[in-house]
Amino acid sequence: MAQVDTQPQAAALFFAAGPQVMIQGFTEMLGREAQLGRVAIEHPRHAAIQFLMMVMGEAKLRSELGITPQLSDDEIDRYIVSCVDLFLRGYGYTEGQ
């Protein structure tokens, strides 16, 4: 991340090989779940990005800023579970359909 100004091609390669692959895979999965009626998602790619950005949370921000993480593994786990719950409730997840 620190080299993005001097090596933009490296940033593009990183994004294509990592985050873009994850976004695409999650987008496809959410699209299938929407087609099956398990979630009410009109724009699966938007939903995928929303979820992935949400779960990054404070721990990721602290890491990127070089601040010693002050969150325990339990706190991080609780945060991620709450993100999943919020996301599923927000998109009307219905189990078993």
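Predicted model, so just to flag it, every value in this text is computed and none were measured. (Residues numbered from 1 in each chain as written. Predicted model: local features only at pLDDT ≥ 70, side-chain atom pairs only at ≥ 80, totals over all residues. Heavy atoms only, no water.)

Glancing now at the overall build of the protein chain. For the protein chain, the helix and strand inventory stands at four helices and zero strands. Expected size for 97 residues packed as a compact globule is a radius of gyration near 13 Å; at 16 Å, the protein chain overshoots this value by more than 25%. Taken along its principal axes, the extent of the C-alpha atoms in the protein chain is 50 × 35 × 15 Å. Considering the protein chain as a whole, with its 97 residues, one finds that 18% of them fall into the buried category. Look at the contacts in the protein chain between residues 6 or more apart in sequence, and 58% of them connect residues 24 or more apart. Of the roughly 7,200 Å² of accessible surface on the protein chain, 60% is carried by carbon and sulfur atoms. (Helix = DSSP H or I, 4+ residues; strand = E, 2+ residues; numbered from the N terminus. Rg over C-alpha atoms; globule rule 2.2 N^0.38 Å. Buried < 20%, exposed > 50% of the residue type's maximum accessible area, 1.4 Å probe, protein only. Contact = heavy atoms within 4.5 Å. Areas by Shrake-Rupley, 256 points an atom, 1.4 Å probe, with all protein chains shown as cover.)

We now examine the pattern of salt bridges. Within the structure shown, the criterion is met by four salt bridges. The closest approach of N and O atoms between Lys60 and Glu64, which form a salt bridge, is 3.4 Å. In this pair, Lys60 and Glu64 are both assigned in helix H3 (residues 44-64), four residues apart and thus about one turn of the helix distant. (Salt bridge = Lys/Arg side-chain N within 4 Å of Asp/Glu carboxyl O.)

Let us now look at H3. Residue Gly57 marks the point of greatest curvature in H3, where the axis turns by about 75 degrees. Restricting attention to buried positions, one finds in H3 the residues Pro44, Ala47, Ala48, Phe51, Leu52 and Arg62. Against helix H2 (19-35) and helix H4 (73-90) lie the buried residues of H3. Looking one or two residues beyond H3, the residue adopting positive phi is Gly66, at roughly 75 degrees. (Bend = angle between axes of the 7 residues up to and from the residue.)

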